[in-house]
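Breakdown of the fold
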Amino acid sequence: MSRAFSIVAALDQEGGIGKNGTLPWHIPADLKHFRDITTGASVSPAKNLVIMGRRTFQSLPAQVRPLPRRINVVITTQPNLSLPGGVLTAHSIAEALSLEEPKHTPAGTEAFVIGGAQIYELALQSPWCKALYLTRIKARYACDVFFPPIPAGFSLSQRSEDQKHDGLCYWFETYLQCAQPPASSSCPG
């Protein structure tokens, strides 16, 4: 059985999400936004699931790998991948989402796909993807990894005011999946 999940990503104005295996920008408010979304604002002791590819996991700074206060799941095809204790592995997004044993994902937890490009591509094709939480950065970074196009079944539901950090402009967007994707690119009113 699958379950609903969301995607969290930050991208430059060309859709770039990474360069040379790292984030090419450092925006503290975006990192806080990411942490707040993926850890959840509830007082529940349940931990949310963060699902990522192997390269995304390996690109996380050592001091936050695995991501604290979240259940980390790495999607990999490598059978003997060495990961820190407590990090789960799966071979697909569907398998990662099926980790519903009480010891792994108690009731009330949410699931978030956090990268990289191949995992985002697969996640956007899933009917279980319910929301996209995107940080849009108004700059170009000559990225070598890109976020896939947003499917027509998603509609922009919220956009923050412009934010600034060291002269850099960025904002937060939330897209929601329409109940039934319409013929046009926006949900009926």
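The rules we used
Residues numbered from 1 in each chain as written. Predicted model: local features only at pLDDT ≥ 70, side-chain atom pairs only at ≥ 80, totals over all residues. Heavy atoms only, no water. Buried < 20%, exposed > 50% of the residue type's maximum accessible area, 1.4 Å probe, protein only. Helix = DSSP H or I, 4+ residues; strand = E, 2+ residues; numbered from the N terminus. Pairing = 2+ DSSP bridges. Right-handed = clockwise from strand over helix to strand, strands pointing away. pLDDT = per-residue confidence, 0-100. Contact = heavy atoms within 4.5 Å. Core = buried A, V, L, I, M, F, W, Y, C linked by side-chain atoms within 4.5 Å.

1. Looking at the pairing of strand β4 (residues 70-75)
In terms of burial, β4 is largely enclosed, as six of its six residues are buried. Of the two faces of β4, the one carrying Arg70, Asn72 and Val74 and the one carrying Ile71, Val73 and Ile75 are both buried. One ladder, built from six bridges, connects strand β3 (residues 48-53) with β4; its direction is parallel. The residue of β4 that forms the bridge with Leu49 is Ile71. Handedness of the crossover is the feature at issue here: the chain leaves β3, passes through helix α2 (residues 54-59), returns alongside β4, and the resulting connection is right-handed. As judged from the three bridges shared by β4 and strand β5 (residues 88-90), these two strands associate in the parallel manner. Paired with Ile75 across the bridge in β5 is Ala90.

2. Quick look at the confidence of the model for the chain
Across the chain, the average pLDDT comes to 88, with 86% of residues at 70 or higher. For residues 181-189, every residue scores under 50 in pLDDT, and the model assigns this stretch nine contacts once sequence neighbours within four places are set aside.

3. Here's the deal with the nonpolar core
Residues Phe5, Ile7, Ile51, Val73, Val113, Leu132 and Phe147 are the most contacted members of the largest nonpolar core, which totals 28 residues. Contributing elements (two or more residues each) for this core: β1 (5-12), β3, β4, β5, α3 (93-97), β6 (111-113), α4 (117-124) and β7 (129-137). In contact with Ile7, not counting residues within four places along its chain, are Val113, Tyr120, Ala123, Leu124, Cys129, Ala131, Leu132, Tyr133 and Phe147. Judged by nonpolar contacts, the second largest core, of 12 residues, contains Ile37, Val50, Val74 and Ile114.

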